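Now for the letters of each chain:
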Amino acid sequence: MLFKLILLFMIIFIQLPPLNSSAGTKIRCASTTSTQNSGLFDHILPIFEKKTGIKVDVVAVGTGAAIEIGRRGDADVVFVHAKEQELQAVEEGYFVNRHDVMYNDFVIIGPSNDPAKIRGMKSASEVFKKIAENSAFFVSRGDNSGTHTKELSLWKKANIYPQWGSRMGDEAHLTHLQKWYLEVGQGMEKTQRIANEKRAYTLTDRGTWLATKDKDKLEMVIVLEGDPVLFNQYGVMAVNPQRHKHVKYKEAMEFINWIISKEGQHAIASFRDKHRNQLFIPNAK
Amino acid sequence: MESIIEGFKKAFSLIFGLDAELLGIIFLSLRVSGTALLIVSIIGLPLSALISLKKFPARGLFISIMNTLMGLPPVVVGLFVYMMLSRSGPIGFMGLLYTPSAMIIAQTILAFPIAVSLCHSAIISVNPIIKQASMTLGATSLQTSVTIIKEARYGIMSGMIAAFGRVMAEVGAILIVGGNIAGYTRVMTTTIALETDKGNFELAIALGIILLTISLAINLLLHFVQRKGALPVNR
Amino acid sequence: MSLRLNISGVRKSYNGKPVLNACSFSFDRNGVYVLTGSNGSGKSTLLRICALIESPDNGEVIYFSGNNIISKDILLRRRITLVLPGIGLFNTTVFNNAAYGLKIRGGKNKETERKVNNALKFVGLIHKKNHNALTLSSGEIQRLGIARAMAIEPEMLFLDEPTASIDNENTEIVENIILNMKKEGRSKTIIATHDMLQAGRLGDCMLLMDEGKIIKV
């Protein structure tokens, strides 16, 4: 009896319409968790879909992974914020038609009481130096994301190398792991929460910070902002159809052309988080 | 503490409000795991019957391998399936990565050794007198095998339910191969992971409660099946 | 033509320990043979070998119809049956247990139902036909085992210790069943028992086994 019941359930499962069917065209966009978690895609993609009938599936991972997904041909378009890496991948022939889309900026945040006395400083690399001198806790994304890449470049500029031995190859002057340096390998928001719990400093993007500081009840403040080196450029690029024949290049280009068009740029500018803050400033040329 | 209470409130309002997106997520979870289980039954059941009832040289080795694979780390399975299905991988041309089919493949691989191992032990624990009785009554060897499998039916069902429970609760593999795409490959566990990342603890807890409820239902069913197997009741 | 069984020089050992030792006999006549002997004299093993669910290490087990030798295939196996001492009931209803032999022979539903009902009436279990077989008492289990064998109308029926594990009342019921079957002359029956009095009550032909041989007729 029970046997038959279970069998019946299973038959119902197969009778259902196939899982992978879709009415309109779909493209896949590999992007970053910070972009997705900010809610930007929920705002702009429906506008794009309404206009063109193209649905955009977003796979949100770290910047490094997103570029890798594109390289392997597992996405049609890549939307990330690591300009140097992007340009390099374009150079190598994996992507075409890269365009600047928008920017936000990075900020350094820390505990409200600012134990390392950072506030008032002007240069990000000087701040990092001071954090190291005071052995104040610092939480690193440690996940190869755009934010992580930016953080590493700042350490390099400060000539301090607190990272794990795993990057021995890249960092010639590597010292062993510092107790105050915590690599967590998590997304931006989680990293902020860990920093909050550990009373640590961290590098974050303003978008995530604004979108989450109240929600997550972070007892933290911005200790440094406005250094030009903290500029965070987002770019979009299509997977090279000559390398991966199956990609939906035409649709991908439709998306890219839309997002850098007046209309797409306006959609980005009109996006507000729930506290009415503008998170991204469009700057496509 | 506050967020936990908020989570419960949110859970109830979501569940009783029959939120369409939430229902879609629950339904996709059930479908992906259900389909994986169906594939496992179609391939795994005859296989476990074969290794339980027929003697062949590598049988012991095969059983040991299955028992070891029961403990497969899901992320390893996820990585393996990812490498296989990626456009740059050996069967990338099928374009299955980041689709529900990819998730079904990963869950099938995870559920397979569990189902085969548990079904195998259910079948070999059938009293040998059943085989003899069936033979004395004139059964062919195929009929005898069918009879033994029928006697093991409650154990087999337990194995299937246990496998289903495991894949329903799994997150590592399907996150890697499904990509957690909203409205397409987003299931309960990956939604919980994402909402936790986003700091939406209420929604994450709400989903957790629903997942726990489903697990509880599965385990109650398992308990019922096992009791039914152990203690037949008058009808 | 009635079925005859001839065994000659049958040997069987388990883990190097001989159980049957050049055992020979011809079961030619109709009626009830009773096989007695102490525990470990080889009665059960002999029955299992005769019923073709085990093969001997040495020697021959030959079935005849008239003077023709019958090959030991599934068709022959379906003309004989053995009721095991533990019976081995299936986890399903009493009716389905009794119907098992007919169902695997591909019998028609109506015919099967009639025969099974008759067999269950014969052993006094018809009122429990829809109960799960595993809820029966040990006496009822023995009776169902006999009914299950009777339903397939075997030409040769082996019963291994049919009353060893049941109380006096049920022993009497089982003995009456066997005597009734004998009256109806349905089949050649071979019963193994260690109960000498029972052997006297049931048997037409008494056989004594010792050390793996039939030593006295």
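Residues numbered from 1 in each chain as written. Chains lettered and ligands numbered in written order. Predicted model: local features only at pLDDT ≥ 70, side-chain atom pairs only at ≥ 80, totals over all residues. Heavy atoms only, no water.

Student: If you had to explain the overall build of chain A to someone new, which residues and values would you point to?
Tutor: For chain A, the helix and strand inventory stands at 11 helices and 10 strands. Counting the 285 residues in chain A, one finds 53% classified as buried. By sequence separation, contacts in chain A at least 24 residues apart represent 72% of the contacts at least 6 residues apart. Accessible area for chain A stands at about 13200 Å²; split by element, carbon and sulfur atoms hold 54% of it. (Helix = DSSP H or I, 4+ residues; strand = E, 2+ residues; numbered from the N terminus. Buried < 20%, exposed > 50% of the residue type's maximum accessible area, 1.4 Å probe, protein only. Contact = heavy atoms within 4.5 Å. Areas by Shrake-Rupley, 256 points an atom, 1.4 Å probe, with all protein chains shown as cover.)

Student: Could you give me a rundown of helix α2 (residues 20-53) of chain B, with the residues and numbers involved?
Tutor: An ideal rise of 1.5 Å per residue puts 50 Å on 34 residues; α2(B) measures up with 47 Å between its terminal C-alpha atoms. Along α2(B), the largest kink reaches about 35° and is centred on Gly44(B); proline Pro46(B) follows within four residues of it. (Expected span 1.5 Å × (residues − 1). Bend = angle between axes of the 7 residues up to and from the residue.)

Student: How would you summarise the interface of chain C and chain B if you had to cite specific residues and measurements?
Tutor: Of the residues lining the interface, 27 residues belong to chain C; the matching set on chain B comes to 21 residues. Summing both sides of the interface, chain C and chain B together bury roughly 2000 Å²; the carbon and sulfur share of this comes to 57%. Our enumeration of links across chain C and chain B arrives at zero salt bridges. On the surface where chain C and chain B come into contact, there are 12 residue pairs in polar contact (both at pLDDT 80 or more). Taken together, the elements giving at least two residues each to the side of chain C that touches chain B come down to α2 (74-77), β6 (80-83), α3 (94-104) and α5 (138-151) of chain C. For the side of chain C that touches chain B, the per-class residue count stands at 13 nonpolar, nine polar and five charged. (Buried area = accessible area lost by both parts, 1.4 Å probe. Salt bridge = Lys/Arg side-chain N within 4 Å of Asp/Glu carboxyl O. Polar contact = N/O pair within 3.5 Å; in protein donor to acceptor, adjacent residues only side chain to side chain. Nonpolar A, V, L, I, M, F, W, Y, C, P; charged D, E, K, R; others polar.)

Student: I'd love a proper account of the interface of chain B and chain A, names of residues and values included.
Tutor: In this complex, chain B contributes 37 residues to the contact, which on the side of chain A involves 31 residues. In total, about 3100 Å² of surface goes out of reach between chain B and chain A, with carbon and sulfur atoms giving 59% of it. At the boundary of chain B and chain A, one finds zero salt bridges. Counting the contacts that link chain B with chain A gives six residue pairs in polar contact (both at pLDDT 80 or more). Breaking the side of chain B that touches chain A down by element, the ones donating at least two residues are α2, α4 (74-85), α5 (100-124), α8 (153-168), α10 (188-198) and α11 (201-230) of chain B. Among the elements that line the side of chain B that touches chain A, the one with the most residues is α2(B), at eight residues.

Student: Just give me the short version of the pairing of strand β9 (residues 231-239) of chain A, but keep the residues and values in it.
Tutor: Residue and element names in this part refer to chain A. Taking burial as the measure, the nine residues of β9 include eight buried ones, the bulk of the element. Where strand β3 (residues 77-80) meets β9, four bridges bridge the pair, whose relative direction is antiparallel. Within the sheet, the bridge partner assigned to valine 77 lies in β9 and is alanine 238. Taken together, the eight bridges between strand β4 (residues 95-111) and β9 define a ladder with antiparallel strand orientation. Counted as the bridge partner of tyrosine 103 is glutamine 233 from β9. (Pairing = 2+ DSSP bridges.)

Student: Explain the confidence of the model for chain B to me, and be specific about the residues and the numbers.
Tutor: Low-confidence regions, as indicated by low pLDDT, have predicted coordinates that should not be scrutinised in detail. Residues and elements named next belong to chain B. Taken as a whole, chain B shows an average pLDDT of 86; of its residues, 95% reach a score of 70 or greater. Ranking the elements of chain B by mean pLDDT puts helix α1 (residues 2-16) last, at 76, and helix α6 (residues 128-136) first, at 94. Under the prediction, the complex receives an ipTM of 0.90, its pTM being 0.77. (pLDDT = per-residue confidence, 0-100.)

Student: Quick one: what's the story with the packing of α5(B) against α8(B), residue by residue and with numbers?
Tutor: Residue and element names in this part refer to chain B. Running from amino to carboxyl end, α5 crosses α8 at an angle of 155°, the nearest separation of the two axes being 8 Å. As the angle between them shows, α5 and α8 are arranged roughly antiparallel. For the element pair α5 and α8, the recorded crossing hand is right-handed. Here Gln107, Leu110, Ala111, Ile114, Ala115, Leu118, Cys119, Ala122 and Ile123 of α5 come into contact with α8, specifically with Gly155, Ile156, Gly159, Met160, Ala162, Ala163, Arg166 and Val167. Taken together, the residues of the contact of α5 with α8 break down into 13 nonpolar, three polar and one charged. (Axes fitted to C-alpha atoms, helices over the stretch in contact; angles between N-to-C directions. Parallel < 35°, antiparallel > 145°, perpendicular 65-115°, else oblique. Left-handed = near helix turned anticlockwise from the far one by under 90°.)

Student: Break down the domain arrangement of chain A for me, citing the residues and quoting the values.
Tutor: Residues and elements named next belong to chain A. Split by domain assignment, chain A resolves into domain 1 (13-104 + 233-282) and domain 2 (105-231). Taken together, the contacts link 17 residues of domain 1 with 18 residues of domain 2. For the pair domain 1 and domain 2, the summed buried surface comes to about 1300 Å²; carbon and sulfur atoms form 56% of the total. In this structure, the connection of domain 1 to domain 2 is made through zero salt bridges. Between the two partners, domain 1 and domain 2, sit three residue pairs in polar contact (both at pLDDT 80 or more). Elements supplying a minimum of two residues to the side of domain 1 that touches domain 2: α2 (33-38), α4 (63-71) and β4. Of the residues forming the side of domain 1 that touches domain 2, the biggest block, three residues, is contributed by α2. Residue composition of the side of domain 1 that touches domain 2, grouped by class: three nonpolar, 12 polar and two charged. (Domains from an automatic or database assignment.)

Student: So what's going on with the confidence of the model for chain A? Residues and values would help.
Tutor: The share of residues in chain A with pLDDT of 70 or more is 86%, and the mean pLDDT across the chain is 85. Ignoring residues within four places in sequence, the model shows residues 165-176 of chain A, a span with pLDDT below 50, making 13 contacts including any to other chains.

Student: Could you give an account of the pattern of salt bridges, naming the residues involved and the relevant values?
Tutor: All names here are of chain A. Per the stated rule, a full pass over the model turns up 29 salt bridges over all chains. For aspartate 216, the salt bridge identified is with arginine 193, shortest N-O distance 3.8 Å. Placement of the pair is aspartate 216 in the loop between α9 (206-212) and β8 (220-224) and arginine 193 in helix α8 (residues 188-198), with a sequence separation of 23 residues. Pair check on accessibility: aspartate 216 and arginine 193 agree, each one buried.

Student: Go over the side chain of Asp114(A) with me, naming the residues and quoting the values.
Tutor: Residues and elements named next belong to chain A. Topologically, aspartate 114 is positioned in the loop between β4 and α6 (124-134). Within the buried core, aspartate 114 has no salt-bridge partner, and the shortest N-O distance to an opposite charge, that of arginine 119, equals 4.6 Å. At 2.5 Å, the side chain of aspartate 114 and the side chain of tyrosine 201 are in polar contact. (Lys, Arg positive; Asp, Glu negative; His and termini not counted.)

Student: So what's going on with the sheet that holds strand β10 (residues 213-216) of chain C? Residues and values would help.
Tutor: All names here are of chain C. Pairing within the open sheet is mixed, and its six strands lie in the order β6-β7-β8-β3-β9-β10. The strands lining the two open edges of the sheet, one partner per strand, are β6 and β10. Taking the axes of each pair of neighbouring strands and ignoring which way they run, one obtains an average angle of 25° across the sheet. Two elements, strand β3 (residues 32-36) and strand β9 (residues 205-210), share four bridges in a ladder whose sense is parallel. By the bridge assignment for β9, leucine 35 is matched with leucine 207. Along the sheet, helix α1 (residues 43-50) makes contact with β3, β6, β7 (156-160), β8 (188-192), β9 and β10, crossing β7 at roughly 155°.

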